[in-house]
Amino acid sequence: MAKKALGLDLDHAAIRAAEVIRKGRNKIVSKVVEYPLARGTVSDGKLVNPEELVRSLRAMLEAEDFSAEAAVLGVRSSWVTVKIHRLPSMTKRELDKALEFEVPELVSFPVESPKDICYDYFINWQDDREVEVVVVACSRQHLNPYIRAFRESDLSLEVIDLPALGWPDLLAQEGRRAFVEVSAGQTTIMVMLGPLFKVLRLVPIGSIHVKQGVQEAFGCSDTEAQELLSQHDLDYLLMEGQGSKRLLRAAIQQFAGSVLQTLDFVRAQERAANFRAMLDEVILLGELAELSGLGEMLQKEVGLPTLPMGQLDLNLSFQGDQPERLSSFGSALALGLRGVVA
């Protein structure tokens with residue numbers, strides 16, 4: 001377990017980095033940084049341009065005074081399988097062996113050899129008769145480019161993980177929550193009923209699509225659209241502007257509909273009368289978490305308190321002032337925390 005770790009969240013056009021330091025029982029965030037990454041370097045979680053990633057990592061480390069050498073990398077992609085699987089109750093050693101044979105049948109991608117799969121799992125619950133595990137797996141060929149790229153940088157890549165699985169650990173108190181992160185190209189929705197994992201879903205709608213809608217509505221550039229998103233609320237964006245609102249409305253409707261559909265899937269599984277019967281709140285992370293009006297709109301749709309992660313009590317303290325737009329660094333913080341508690 002490292003005393004310092006750098007959580008790295010790679011997205012469409014940015015590296016978000018959070019350095020976390022462990023001092024006794026305390027976890028302290030010493031620094032968070034957003035550093036530009038050339039578009040096209042990463043696409044759907046795949047490393048398309050390794051040379052550009054190496055260049056950007058080196059430039060970021062040179063520009064910033066991070067002291068951590070251990071890095072935890074996050075990947076979010078449709079090519080990662082996350083699946084709940086039940087087996088007869090058995091020992092940890094027996095479970096390890098059983099999953100060696102079962103994982104190739106669980107993954108959602110073609111497999112020629114079990115050696116082609118990278119996977120890990122955790123026990124969701126267990127009783128005398130059954131054990132339920134959550135398996136996370138991906139093709140080794142998608143991870144190898146990252147491993148090679150980090151070897152060329154000045155960072156030691158300790159862990160590759162799904163950022164979403166670390167979101168609950170950021171919060172000071174356990175709860176029944178739906179987490180919703182809007183990243184550049186997709187929305188990730190995860191439901192946790194206390195300590196129990198229920199579902200993780202990726203939807204191909206992200207801040208890029210919302211920004212394109214703003215560009216169409218206001219006839220503006222990408223940079224101007226970003227300024228409009230940071231300066232105005234959702235109602236203003238949907239009502240003002242002389243151009244067509246078709247793209248923007250479609251993106252917002254697809255976003256809200258995807259959250260509703262996911263929560264309804266869990267509600268049916270739990271046989272709950274409504275969302276309030278199974279969940280306490282919805283937590284927003286990512287680029288649009290602090291877009292004024294987005295949380296209020298979603299709260300009306302799902303009938304649950306909906307808050308940006310940055311407004312909650314966190315299991316982290318900050319060296320200096322808490323950064324602005326903290327919710328956009330949720331995944332980087334979760335990865336950094338993963339590096340000091342694993």
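Preceding this paragraph is the structure being described.
Now for a description of the structure that goes with this document. From a predicted model like this one, the values you see are computed outputs, not experimental measurements. (Residues numbered from 1 in each chain as written. Predicted model: local features only at pLDDT ≥ 70, side-chain atom pairs only at ≥ 80, totals over all residues. Heavy atoms only, no water.)

1. Section: the overall build of the chain
Looking only at helices and strands, the chain has 10 helices and 16 strands in total. What you see for the chain is a C-alpha radius of gyration of 20 Å, in line with the 20 Å of a compact globule of 342 residues. The proportion of buried residues among the 342 residues of the chain is 53%. A separation threshold of at least 6 residues defines the contact pool for the chain, and within that pool the share at least 24 residues apart is 64%. In the chain, which carries 37 positive and 48 negative side-chain charges, the distance between the mean positions of the two groups comes to 3 Å. (Helix = DSSP H or I, 4+ residues; strand = E, 2+ residues; numbered from the N terminus. Rg over C-alpha atoms; globule rule 2.2 N^0.38 Å. Buried < 20%, exposed > 50% of the residue type's maximum accessible area, 1.4 Å probe, protein only. Contact = heavy atoms within 4.5 Å. Lys, Arg positive; Asp, Glu negative; His and termini not counted. Charge placed at Lys NZ, Arg CZ, Asp CG, Glu CD.)

2. Quick look at the sheet that holds strand S3 (residues 26-36)
The strands that make up a sheet are held in pairs by hydrogen bonds between backbone atoms, and each pair lies either parallel or antiparallel. Ordered by their spatial adjacency, six strands build an open sheet running S10-S6-S1-S2-S3-S16, and the pairing between neighbours is mixed. The open sheet has two edge strands, strand S10 (156-161) and strand S16 (317-318), and neither has a second partner. Where S3 and S16 come together, two bridges link them in parallel fashion. Within S16, the position partnered with Ile28 by the bridge is Ser317. Together, strand S1 (4-10), strand S6 (70-74) and S10 form the strand contacts of helix H3 (residues 140-152), whose direction differs from that of S10 by roughly 155°. (Pairing = 2+ DSSP bridges. Axes fitted to C-alpha atoms, helices over the stretch in contact; angles between N-to-C directions.)

3. What about the layout of surface pockets?
When its volume is computed, the largest pocket comes out at roughly 870 Å³. If you go around the largest pocket, you meet 37 residues; those closest to its centre are Phe122, Asp161, Leu162, Leu165 and Arg338. At the level of secondary structure, the elements contributing two or more residues to the lining of the largest pocket comprise strand S8 (117-126), strand S9 (130-139), S10, helix H4 (167-170), strand S11 (176-182) and helix H10 (330-341). If you tally residues by element for the lining of the largest pocket, the top one is S8, at six residues. Here the residues of the lining of the largest pocket are counted per class, giving 26 nonpolar, five polar and six charged. Roughly 590 Å³ of volume is contained in the second largest pocket. (1 Å grid on protein atoms, 1.4 Å probe; cavity = no way out; pocket = protein on both sides within 12 Å on 5 of 7 lines; lining within 4 Å. Points joined across faces, edges and corners; volume = space filled by probe spheres on them. Nonpolar A, V, L, I, M, F, W, Y, C, P; charged D, E, K, R; others polar.)

4. What about the pairing of S3?
By the bridge criterion, 10 bridges tie strand S2 (residues 14-23) to S3 in an arrangement that is antiparallel. From the neighbouring strand, Ile15 faces S3, where its bridge partner is Tyr35. Joining the antiparallel neighbours S2 and S3 is a turn of two residues, in which Gly24 adopts a positive phi near 65°.

5. Some words on the sheet that holds strand S14 (residues 281-286)
Strand order in this open sheet of five strands is S13-S12-S11-S14-S15, and the pairing throughout is mixed. The sheet terminates laterally at strand S13 (196-203) and strand S15 (306-308), the two strands that pair on one side only. Recorded for the sheet is a direction-independent mean angle of 20° between the axes of neighbouring strands.

6. As for empty space enclosed by the protein
For the structure shown, the criterion picks out two cavities of 30 Å³ or more. Estimates place the volume of the largest cavity at around 50 Å³. If you trace the largest cavity, you find it lined by Val182, Thr187, Ile205, Gly206, Val210, Ala251, Ile252, Phe255, Leu288 and Leu294. Looking at the lining of the largest cavity, the element that brings in the most residues is helix H8 (residues 246-270), giving three residues. For the lining of the largest cavity, a count of residues per class yields eight nonpolar, two polar and no charged. When its volume is computed, the second largest cavity comes out at roughly 40 Å³. Along the walls of the second largest cavity sit Asp9, Asp11, Arg16, Arg76, Glu181, Val182, Ser183, Gly286, Glu287 and Ser328, which together make up its complete lining. When grouped by side-chain class, the residues that make up the lining of the second largest cavity number one nonpolar, three polar and six charged.

7. Structural notes on the packing of aromatic side chains
For the structure shown, the criterion picks out three aromatic pairs. Centre to centre, the rings of Trp167 and Phe179 are 6.1 Å apart; their planes meet at 40°, and the pair counts as tilted. Of this pair, Trp167 sits in helix H4 while Phe179 sits in strand S11, placing them 12 residues apart in sequence. Residue classification places Trp167 among the buried residues on the basis of a relative accessible area of 1%. (Phe/Tyr/Trp six-rings, centres within 6.5 Å; stacked < 30°, edge-to-face > 60°.)

8. Considerations on the pairing of S1
With six of seven residues buried, S1 lies mostly within the body of the structure. Pairing of S1 with S2, which is carried by seven bridges, proceeds in the antiparallel orientation. Directly across from Leu8, in S2, lies its bridge partner Ala17. Hairpin geometry of S1 and S2 is characterised by an intervening segment of three residues between the two adjacent antiparallel strands. Across four bridges, the pairing between S1 and S6 is parallel. Following the sheet pairing, Asp9 is matched in S6 by Gly74.

9. A few points about the packing of helix H5 (residues 207-218) against H8
Taken N-terminus to C-terminus, the directions of H5 and H8 make an angle of 155°; their axes are 7 Å apart at the nearest point. One finds that H5 runs roughly antiparallel with respect to H8. For the element pair H5 and H8, the recorded crossing hand is left-handed. Contact residues: His209, Val210, Gln212, Gly213, Val214 and Glu216 in H5; Arg246, Leu247, Leu248, Ala251 and Ile252 in H8. Tallied by class, residues from the contact of H5 with H8 come to six nonpolar, three polar and two charged. (Parallel < 35°, antiparallel > 145°, perpendicular 65-115°, else oblique. Left-handed = near helix turned anticlockwise from the far one by under 90°.)

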